[in-house]
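# Structure assessment
The residues making up each chain are set out below.
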Number of protein chains: 2
Amino acid sequence: MPLEWSGLSPELLLTLDRDGPRPLRAQLEDRLRDAIRDGRLDVGERLPSSRELARRLGLSRGLVQDAYAQLRAEGYLDSRVGAATSVAAGACPPPRAAPAPRTADQDAPRLLADFKAGVPDLASFPMADWLWATREAARAMPTAALDYGDPRGDAHLREVIAGYQRRVRAAAADPEHTVVCSGYAQGLVLVLRALAAAGIRTLAHEDPGAPVMTAAAAAHAGMRTVPVPVDEHGIDVGALAATGARAVLVTPAHQWPTGVVMAARRRLALVEWAARHDAYVIEDDYDAEFRYDREPVGAVQGLAADRVVAIGTVSKSLAPALRIGWLLCPPALAHRVAACKQLEDRGSPTLDQLALARLIESGRYDRHLRRMRALYAGRREALADALAAHAPRVGLSGLAAGFHAVAHLPADADEQAVVGAALARGVGLHGMSENSSVRALRPPRLVLGFGNVGERAITAGIASIGGLLA
Amino acid sequence: MPLEWSGLSPELLLTLDRDGPRPLRAQLEDRLRDAIRDGRLDVGERLPSSRELARRLGLSRGLVQDAYAQLRAEGYLDSRVGAATSVAAGACPPPRAAPAPRTADQDAPRLLADFKAGVPDLASFPMADWLWATREAARAMPTAALDYGDPRGDAHLREVIAGYQRRVRAAAADPEHTVVCSGYAQGLVLVLRALAAAGIRTLAHEDPGAPVMTAAAAAHAGMRTVPVPVDEHGIDVGALAATGARAVLVTPAHQWPTGVVMAARRRLALVEWAARHDAYVIEDDYDAEFRYDREPVGAVQGLAADRVVAIGTVSKSLAPALRIGWLLCPPALAHRVAACKQLEDRGSPTLDQLALARLIESGRYDRHLRRMRALYAGRREALADALAAHAPRVGLSGLAAGFHAVAHLPADADEQAVVGAALARGVGLHGMSENSSVRALRPPRLVLGFGNVGERAITAGIASIGGLLA
């Protein structure tokens, strides 16, 4: 049976549930707080005496007194001795809830195929292995590891990552200068803050590249950006030198978004540029795990560990939701990056770190990557086959690695028109110009992500838009 | 049988393991990279022809050619056509590893009892429950949740946190304005950046408080700090108003480090100050879960949700290593805080968030808190009993909540002398002055943390230093 009381304000109705799990006193406090917050009880308004309210609600007087005392301690009710209990000045109405900001994805229609890049095959995430690794890590974890830890990350994971990066990426990785972070975004901001603190205020980046996200991260860290063109061998190091910047962000293993693998001479020119100008190279090694035609080209970091910061992440190899990445730092920057990580968040979650270490050590991480390489190779082939069948004049490049490729449209095509027409047919496409500071980049190209699209969707999607590409 | 080759440089010895798990070609590449990096092969030095090296090592010529090609692609070897293979200019020696920065804990001697504050009982972490919640969350998690998510955090966890904070902390919490972060440190930096972006550049803080950590976080976010005295009712709001600051950081539930619970009048004065000066209150609700004498006093945020940012964390209720916290933001700041979180790290790890939601919903979180409340109540009693027995003239305050208390030394005592003498007896103590901008704060007091010290250690520790306190 609900207990009710209609107070001085006719609209104030206190309803308590005697059979509910929440104690009556807590319910009474909740109701009174709500009434004060939403203005049904006004500032200065007198409440009935505890005796009176207890009588009306059929509660003990002590219970009401306790509730009043609690609300006085919290500042909702006035606490002057002797006077009647009233609503305290300063107890404000709450803010009204604003509608949730809608994300692009929520508004997007269901597509036949969405060639969005940057997302791996989420359905292949090895959840059973991850849970196994978490359990194993928890079992072996000493109690002290539940405390705050080294801001650089768990020492064991740093050993494992450094070893893995030496073995698989030919990196000159050293656990002392490895910093675990929560993915590429945080890794970049940490490095940029460390560079800004060292007086470097301009960040050069590849164009095409990720100009908007890079500029936002740079501005957040107090830096400005300058674009540098990319050709078929990678970034133009001469143009880079001409900018006067002392930091550059590059994607040597598989240039985002052109798919070019940086040529050996460019790699050398880049590290020579860095040495000559006391500059730093930030190497975004984002999808280096996936190379189809040959062994992956090692990280540029391996050539000049004192000049290159390599940023790695499991967002492409496992899943973005894990939020784990790492930085291989030049010794001159490592301390600043670690200090920044300490200030930002006091280190990444430890159990997740230990689970990743276990996953790598157990060989299950490599097994997953082998599976994914085969999966993506199949999708890559499906994409090439579908384009050959339905748009044979459209060339495809950037297929050596990763899970996106570049389709070269006829010289007179209009990227945005093609993207719009494809969307009308239920296919999500993205023009190269979306990734450039140049508004209508020539020649016209599409960036086709095939990481999170099945082979059947690839084939059906390309079949339905083949005519638009010719 | 290891395969060996001594090259032109007499000290260059390439040793390959024919029976090891790593392919011979990868081993050869590793050895050559290492030799280049550590200077055993100098820039310009010629390598033997692939035929010659293959013969000496007993490998196929194709294998050596492949290894040379790989190292050329990576920039270690020179790639001029026709010329002999040589070490490329630009392939630098690696940095030398610096010794690891030692943490204070590593250098600390083993103590009989360490009354360090701020750490909960780590051995009580409910690991089985956490693993259960992780498994349950993984089972229910849709595939799409493995992608990047809402920077404010998972929508379900925000619902659960807002509901919990309404219920337990009497907060005016709304999931739309709740932002999941990685603990108090990140929460504070996110808020300070949002305030700095809104033109607020001075942060007032309680004194005693955490002046060093607060100043570091503020400086990192582009703000300066100003201390405001705390008395037995909480922060001095008159002194706060006199600073002209438009933001203040407070610990109303259990002031750090004095242990005072902010009085009702101060709570009201504080929100009135905020309303009058278009200012914001940052409420660090760090150990509000633990209150022994009565129901916890609700969050100040509940009084003025448009003026108070509440920061919560599981670092004290579960363990710091989880790195999960939350912000209840005023609507005017919520968007800026979320945008900042997006730039900082694109959101916290999703599976951890879902596990916490499951833990709370299942009632296991509350069950853990009940267990911990009983545990800390026992330690609190052991501390009071031990002091009564061994240093009866030393008063104890701040015991109403949390897991630290304040011991009041005789007026002429020297905090640092007591701390030093206790350390010599194997007991870790901390003076109140460590937490103040005033160097030798009067009266002399000790801050005694009992969160991560067992009852037996408390009793033994106080027994061994009782004489020092009198």
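Going by the structure above, here's the rest.
In this report, we go over the structure that sits alongside the text. (Residues numbered from 1 in each chain as written. Chains lettered and ligands numbered in written order. Predicted model: local features only at pLDDT ≥ 70, side-chain atom pairs only at ≥ 80, totals over all residues. Heavy atoms only, no water.)

Time to look at the overall build of chain A. Looking only at helices and strands, one finds 15 helices and 15 strands in chain A. Taking 470 residues into account, the globule formula puts the C-alpha radius of gyration at 23 Å, and chain A, at 30 Å, lies well above it. Along the three orthogonal principal directions, the C-alpha set of chain A runs to about 90 × 55 × 45 Å. Out of the 470 residues belonging to chain A, those deemed buried represent 59%. (Helix = DSSP H or I, 4+ residues; strand = E, 2+ residues; numbered from the N terminus. Rg over C-alpha atoms; globule rule 2.2 N^0.38 Å. Buried < 20%, exposed > 50% of the residue type's maximum accessible area, 1.4 Å probe, protein only.)

All names here are of chain B. Most of strand β9 (residues 280-284) is tucked away, with five of its five residues classed as buried. Both faces of β9 are covered, namely the face carrying Y280, I282 and D284 and the face carrying V281 and E283. As defined by bridge partners, strand β8 (residues 247-250) adjoins β9 across four bridges and the pair is classed as parallel. The partner of A247 across the bridge, within β9, is Y280. Regarding topology, helix α10 (residues 264-276) serves as the crossover connection from β8 to the parallel β9, and that connection is right-handed. (Pairing = 2+ DSSP bridges. Right-handed = clockwise from strand over helix to strand, strands pointing away.)

Residues and elements named next belong to chain B. Most of strand β15 (residues 445-449) is tucked away: five of the five residues are buried. As paired elements, strand β13 (residues 404-408) and β15 share five bridges and run antiparallel to each other. Across the sheet, the residue bridging to A405 is L448, located in β15.

Per the counting criterion, the structure on display carries 45 salt bridges over all chains. Put simply, B:R25 and B:E29 hold a salt bridge, and the shortest N to O gap is 2.7 Å. With B:R25 and B:E29 both in helix α1 (residues 24-37) and four residues apart, this pair spans about one turn of that helix. Residue class for B:R25 comes out partly exposed when judged on its relative accessible area of 21%. Since its relative accessible area comes to 1%, B:E29 is described here as buried. A salt bridge links B:D278 to B:R246; the shortest N-O distance between them is 3.4 Å. Placement of B:D278 in the loop between α10 and β9 and of B:R246 in the loop between α9 (237-243) and β8 is noted, with a sequence separation of 32 residues between them. For B:R246, a relative accessible area of 30% corresponds to the partly exposed category. Each of A:R22, A:R25, A:E29, A:D30, A:R33 and A:E74 takes part in a single network of salt bridges with overlapping partners. (Salt bridge = Lys/Arg side-chain N within 4 Å of Asp/Glu carboxyl O.)

Right, let's talk about the environment of B:T178 for a bit. All names here are of chain B. Assignment of secondary structure puts T178 in strand β4 (residues 178-181). Put simply, T178 and L157 are 21 residues apart on the chain and 9.6 Å apart in space, counted from C-alpha to C-alpha. In contact with T178, not counting residues within four places along its chain, are R152, R158, I161, A162, W326, L327 and L328. A polar contact of 2.9 Å, which involves the side chain of T178, links it to the backbone oxygen of D174. (Contact = heavy atoms within 4.5 Å. Polar contact = N/O pair within 3.5 Å; in protein donor to acceptor, adjacent residues only side chain to side chain.)

This part takes up the relation of the copies chain B and chain A. Rotating chain B by 180° and translating it 0.0 Å along the rotation axis places it on chain A, where the RMSD comes to 0.1 Å. Here the two chains are linked by the operation of a two-fold rotation axis. In this assembly, 100% of the residues forming the interface of chain B have copies in chain A that are likewise at the interface, indicating an isologous arrangement. (Least-squares fit on C-alpha atoms with pLDDT ≥ 70 in both.)

To continue, consider empty space enclosed by the protein. Residues and elements named next belong to chain B. Inspection of the entire model under this criterion finds eleven cavities of 30 Å³ or more. Taken as a whole, the largest cavity holds about 100 Å³ of empty space. Q165, R169, D285, E289 and W326 are, among the 13 residues lining the largest cavity, the residues nearest its centre. Looking at the lining of the largest cavity, the elements that each hand over two or more residues are α6 (155-169) and β10 (308-313). Here the lining of the largest cavity is composed, by residue class, of seven nonpolar, three polar and three charged. (1 Å grid on protein atoms, 1.4 Å probe; cavity = no way out; pocket = protein on both sides within 12 Å on 5 of 7 lines; lining within 4 Å. Points joined across faces, edges and corners; volume = space filled by probe spheres on them. Nonpolar A, V, L, I, M, F, W, Y, C, P; charged D, E, K, R; others polar.)

Let us look at the interface of chain B and chain A. Where the parts come together, the accessible area they lose is often given as the size of the interface. Taken together, the contact pairs 97 residues of chain B with 97 residues of chain A. Around 7,600 Å² of area is buried between chain B and chain A when both sides are counted, 57% of it from carbon and sulfur atoms. A:R193 is the salt-bridge partner of B:E344, the closest N and O atoms lying 3.2 Å from each other. Those elements that provide at least two residues to the side of chain B that touches chain A are α1, α3 (61-74), α5 (127-140), α7 (184-197), α8 (211-220), α10, α11 (331-345) and α12 (350-361) of chain B. Looking at the side of chain B that touches chain A residue by residue, the class counts come to 51 nonpolar, 16 polar and 30 charged. (Buried area = accessible area lost by both parts, 1.4 Å probe.)

Further remarks concern the side chain of A:Q165. Residues and elements named next belong to chain A. As for its placement among the helices and strands, Q165 is situated in helix α6 (residues 155-169). Looking at Q165, the relative accessible area reads 6%, which means it is buried. Here Q165 is in contact with A170, A171, A173, D285, W326 and L328, once residues within four sequence places are set aside.

On to helix α12 (residues 350-361) of chain A. With twelve residues, α12(A) should reach 16 Å at 1.5 Å per residue; the first-to-last C-alpha distance of 16 Å fits that figure. Burial runs high along α12(A): ten of the twelve residues are buried. When α12(A) is considered as a whole, its buried residues turn out to be A:T350, A:L351, A:D352, A:Q353, A:L354, A:A355, A:L356, A:A357, A:L359 and A:I360. Of the surrounding elements, those touching the buried residues of α12(A) are α5 (127-140), α6, β4 (178-181) and α13 (364-390) of chain A together with α5 and α12 of chain B. At the C-terminal side of α12(A), A:G363 shows a positive phi close to 85°. (Expected span 1.5 Å × (residues − 1).)

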